[in-house]
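Letter by letter, the chains look like this.
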Amino acid sequence: MQKHITNKGKVLSAILVVAVVILLVELVVSNKNDEAMSSLHNKPLETLSVSFEPMVGFGESPLRHSIILKERADKEIARKQAVAKQNEVDQREKAIYLTFDDGPSAVTDQLIDILDAFQMKATFFMIGPNIKEHTKSVVRMKNEGFGLGLHGITHEAGKIYSSPSAPVDEMSEDRDILQNVSGVRSNLIRLPYGSIPYLTEEMRYLLDKGDFKVWDWNVDSRDWELKDRRYVQHTKQEIDRYMQAGVTPVVLLHDKPHTLEYLPELLSYIKKQGYRTKVLTNEQPPVTFQCEGRCNSIS
Amino acid sequence: MKRLVFLVMILGLFTFLSGCQSDHKQAAEIHEKMEESASFEEKFVANQKQLDDTRKRVQEIYQDVQSLDFNDIDAIKQRVGDHELSMEKQQLNEAEENFQTAYSKLMAIKENIELIQDEDQKKQTTKLVTLMNSRKKLMENFFDTYRNQLKSQSSFFEHLEQDKFELDKLEGEIDVINEDSLHMSEVVEQFNEITEQYNKVMIDYFKMADIS
Ligand SMILES: [Zn+2]
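Here is a short report on the structure shown in this document. None of the values given here were measured: they were computed from a predicted structure.

Here is what the cut-offs are and how they apply
Residues numbered from 1 in each chain as written. Chains lettered and ligands numbered in written order. Predicted model: local features only at pLDDT ≥ 70, side-chain atom pairs only at ≥ 80, totals over all residues. Heavy atoms only, no water. Helix = DSSP H or I, 4+ residues; strand = E, 2+ residues; numbered from the N terminus. Rg over C-alpha atoms; globule rule 2.2 N^0.38 Å. Buried < 20%, exposed > 50% of the residue type's maximum accessible area, 1.4 Å probe, protein only. Contact = heavy atoms within 4.5 Å. Buried area = accessible area lost by both parts, 1.4 Å probe. Salt bridge = Lys/Arg side-chain N within 4 Å of Asp/Glu carboxyl O. Polar contact = N/O pair within 3.5 Å; in protein donor to acceptor, adjacent residues only side chain to side chain. Nonpolar A, V, L, I, M, F, W, Y, C, P; charged D, E, K, R; others polar. Phe/Tyr/Trp six-rings, centres within 6.5 Å; stacked < 30°, edge-to-face > 60°. Lys NZ or Arg CZ within 6 Å of the ring centre and 35° of its normal. Right-handed = clockwise from strand over helix to strand, strands pointing away. Pairing = 2+ DSSP bridges. Disulfide = S-S within 2.5 Å. Axes fitted to C-alpha atoms, helices over the stretch in contact; angles between N-to-C directions. Parallel < 35°, antiparallel > 145°, perpendicular 65-115°, else oblique. 1 Å grid on protein atoms, 1.4 Å probe; cavity = no way out; pocket = protein on both sides within 12 Å on 5 of 7 lines; lining within 4 Å. Points joined across faces, edges and corners; volume = space filled by probe spheres on them. Core = buried A, V, L, I, M, F, W, Y, C linked by side-chain atoms within 4.5 Å. Donors = N, O, S within 2.8 Å, 3.2 Å for Na, K, Ca; no water.

Here the focus is the overall build of chain B. Helices and strands together make up the secondary structure of chain B, namely six helices and zero strands. N-terminal to C-terminal, the α/β element order of chain B is α-α-α-α-α-α. The C-alpha radius of gyration of chain B comes to 26 Å, more than 25% above the 17 Å expected for a compact globule of 212 residues. Considering only C-alpha atoms, chain B reaches an extent of 105 × 25 × 20 Å along its principal axes.

Rendered as structure tokens:
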């Protein structure tokens with residue numbers, strides 16, 4: 001019995017020895033793995049230290065400026081041709097364009113009454129805040145088929161020419177105001193004091209991109225300067241001079257009390273001469289002063 | 001009876017030990033595969049650095065061209081970055097190839113993950129695969145955007161070469177190029193964040209594998 005147990009003990013001891021050996025082998029193997037792994041611990045993936053710089057500076061670059069001048073010059077050729085074509089049509093009709101700036105005002109209704117009395121049409125270049133103040137007059141203009149145009153928001157040279165985008169910004173705001181009040185979306189603009197000398201090529205380019213048509217004039221009534229009957233005399237002469245030269249007059253006038261005072265005299269002369277007043281439209285090629293090197297930034 | 005209990009204990013010890021040994025074996029294999037993958041990642045990072053340098057050269061060319069008048073057509077033609085752009089394309093292809101290889105090498109650990117018995121280790125390694133997949137998605141987006149940008153850049157310079165000085169088109173191309181740059185910056189930022197997470201998970205996993 002004793003011997004039997006001893007034999008069993010031997011077998012068990014043998015199994016134990018084998019188990020211990022296996023355990024030791026395991027430990028050695030796992031240690032080896034540990035060593036191998038510790039080297040990987042020190043090798044994380046590198047993050048990317050790269051940058052993506054934007055292409056900046058094109059806005060003021062000589063390249064862009066030279067392209068603008070070229071595009072503007074090409075556009076000018078096309079515009080002049082279109083103006084000449086329109087002029088032929090207008091000449092046959094003995095057409096004349098009357099334009100009134102700086103309104104609407106407290107006297108706009110009177111002004112419309114006078115025009116109505118002579119059965120004449122005109123185009124109004126209006127200032128945003130004034131449009132808001134005299135909405136009824138604007139709606140009346142629209143209903144009676146007058147031309148509706150834009151004259152900006154501030155009417156201050158120091159503001160409307162203060163940056164390349166300032167004119168287009170003011171005109172866009174003005175356009176929205178007019179559209180809200182009248183439902184008419186007008187692209188006709190006149191710059192305060194005219195487009196020379198402060199409307200630079202860059203500003204013209206941006207206005208063009210905004211679909212705006214820059215209207216200047218060829219007959220300055222000088223109503224703003226003379227403030228009495230002399231402006232009528234002066235304007236009559238100028239109109240005749242342009243008509244004789246075969247150029248359709250685009251007359252600059254102002255929505256001001258002293259202009260209205262002598263306006264009937266001017267209108268009756270126009271009627272007597274058999275001229276026909278027309279309104280400006282978005283589609284019409286505009287009469288615009290040309291820079292020809294005379295335009296410079298105000299700042 | 002005693003003998004039976006003893007045998008069961010021994011067998012249990014064996015199973016435990018062989019389980020450990022199997023997880024160790026998987027860890028070792030995973031380590032090897034990751035190391036192989038990482039070697040391609042290194043190449044990929046190097047490619048990205050080359051691309052970074054080439055981009056800087058293209059920027060210089062762009063600045064150069066901008067300072068000219070469009071009438072100086074010959075000067076512009078001499079400067080446009082055809083050579084640099086085709087170099088960039090090539091470097092981009094290499095970067096993509098290396099990243100793709102790194103990715104597939106890593107994906108090979110999936111078969112090891114299946115054999116891991118320890119739940120935590122399994123979880124951790126599965127996270128590695130998920131993170132690598134996120135990195136891949138981001139890089140695919142990055143490569144697509146980059147190719148798009150190179151197309152815009154080529155057509156920008158082509159327009160200049162062919163005397164097509166239409167401002168609308170040129171400005172439109174610059175806008176697209178800049179949008180793409182911004183987008184790629186954001187993608188790289190996300191990519192780096194995930195790479196850092198990946199590194200952390202990797203370290204944690206190998207710690208786990210050591211302990212068991
Ligand atoms: Zn005015």
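With that settled, the discussion passes to the overall build of chain A. Assigned secondary structure in chain A consists of eleven helices and eight strands. When burial is assessed residue by residue, chain A has 48% of its 299 residues classed as buried. Pairs at least 24 apart in sequence give 80% of the contacts found in chain A among residues at least 6 apart.

At the junction of the two partners, chain B supplies 63 residues and chain A supplies 43 residues. Here chain B meets chain A over a buried area of about 4900 Å², counting both sides, of which 68% is carbon and sulfur. Scanning the region where chain B abuts chain A turns up four salt bridges. Ionic pairing is found between K209 of chain A and E171 of chain B, a salt bridge with its closest N-O pair at 3.4 Å. Applying the counting rule to chain B against chain A returns 16 residue pairs in polar contact (both at pLDDT 80 or more). Per element, the largest residue contribution to the side of chain B that touches chain A is 26 residues, and it comes from helix α1 (residues 2-66) of chain B. A breakdown of the residues in the side of chain B that touches chain A according to their chemical character gives 32 nonpolar, 15 polar and 16 charged.

Turning our attention to the packing of aromatic side chains. Under the criterion given, the structure shown has 16 aromatic pairs over all chains. Arranged with centres 5.8 Å apart and planes meeting at 70°, the rings of F124 of chain A and F146 of chain A form a pair that is edge-to-face. Of this pair, F124 of chain A sits in strand β2 (residues 123-126) while F146 of chain A sits in the loop between α5 (135-143) and β3 (147-150), and the two are 22 residues apart along the sequence. For the pair F124 of chain A and F146 of chain A, a shared accessibility class is recorded, and that class is buried. Through successive ring pairs, a cluster of aromatic residues spans F52 of chain A together with F142, F143 and Y146 of chain B. The cationic tip of R55 of chain B hangs over the ring face of F52 of chain A; the distance from NZ or CZ to the ring centre is 3.8 Å. In this structure, K136 of chain B is placed above the aromatic ring of Y103 of chain B, and the distance from its NZ or CZ to the ring centre is 4.7 Å.

This next bit is on the pairing of β2 of chain A. Residues and elements named next belong to chain A. Judged by which residues are buried, β2 turns out to be covered on both faces: T123 and F125 on one side and F124 and M126 on the other are all buried. Regarding topology, helix α3 (residues 108-117) serves as the crossover connection from strand β1 (residues 95-103) to the parallel β2, and that connection is right-handed. In this structure, β2 lies alongside β3, joined through four bridges in parallel fashion. In the strand pairing of β3, T123 is matched with G147.

All names here are of chain A. According to the stated counting rule, one finds one disulfide over all chains in the structure shown. Between the sulfur atoms of C291 and its disulfide partner C295 the distance amounts to 2.0 Å. Here the S-S torsion is close to -95°, and the disulfide linking C291 with C295 is therefore left-handed. Neither C291 nor C295 differs from the other in exposure class; each is buried.

On to the packing of α5 of chain A against helix α7 (residues 166-182) of chain A, then. Residue and element names in this part refer to chain A. Two elements in contact, α5 and α7, have axes whose closest approach is 9 Å; the angle formed by their N-to-C orientations is 75°. By the angle between their directions, the pair α5 and α7 is classed as roughly perpendicular. Taking contact as the criterion, the partners of T135, V138, V139 and K142 in α5 are, on α7, L178, V181 and S182. In the contact of α5 with α7, the residues fall into four nonpolar, two polar and one charged.

Looking now at empty space enclosed by the protein. Inspection of the entire model under this criterion finds three cavities of 30 Å³ or more. Space inside the largest cavity adds up to approximately 70 Å³. Lining the largest cavity are ten residues, and of these L45 of chain A together with M34, A38, Y198 and M202 of chain B lie nearest its centre. Those elements that provide at least two residues to the lining of the largest cavity are α1 and α6 (167-211) of chain B.

L98 and L115 of chain A together with L160 of chain B are the most contacted members of the largest nonpolar core, which totals 114 residues. Looking at this core, the element that brings in the most residues is α6 of chain B, giving 15 residues. Contact partners of L160 of chain B, with chain neighbours within four places excluded, come to L63 of chain A together with V65, I76, V80, F165 and L170 of chain B. Y97, W215, V250 and L280 of chain A belong to the second-largest nonpolar core, a separate cluster that totals eight residues.

Bringing the coordination of the zinc ion into the picture now. Residue and element names in this part refer to chain A. At 2.1 Å from the zinc ion lie its protein donor atoms, namely D102 (OD), H151 (NE2) and H155 (NE2). Mapped onto the sequence, the residues coordinating the zinc ion show the spacing D-x48-H-x3-H. Grouping residues by exposure puts H151 and H155 together as buried.

Now for the pattern of salt bridges. Going through the model one piece at a time under the given rule, you end up with 37 salt bridges over all chains. A salt bridge links D228 of chain A to R230 of chain A; its shortest N-O distance comes to 3.1 Å. Classification of D228 of chain A as partly exposed rests on a relative accessible area of 24%. Residue K33 of chain B is joined to E111 of chain B by a salt bridge in which the shortest nitrogen-to-oxygen separation is 3.2 Å. In this pair, K33 of chain B is assigned in helix α1 and E111 of chain B in helix α4 (residues 110-115), connecting sequence segments 78 residues apart. Taking relative accessible area as the criterion, K33 of chain B reaches 16% and is therefore assigned buried. Through salt bridges that share partners, R64, E202 and K209 of chain A together with D168 and E171 of chain B make up one connected network.

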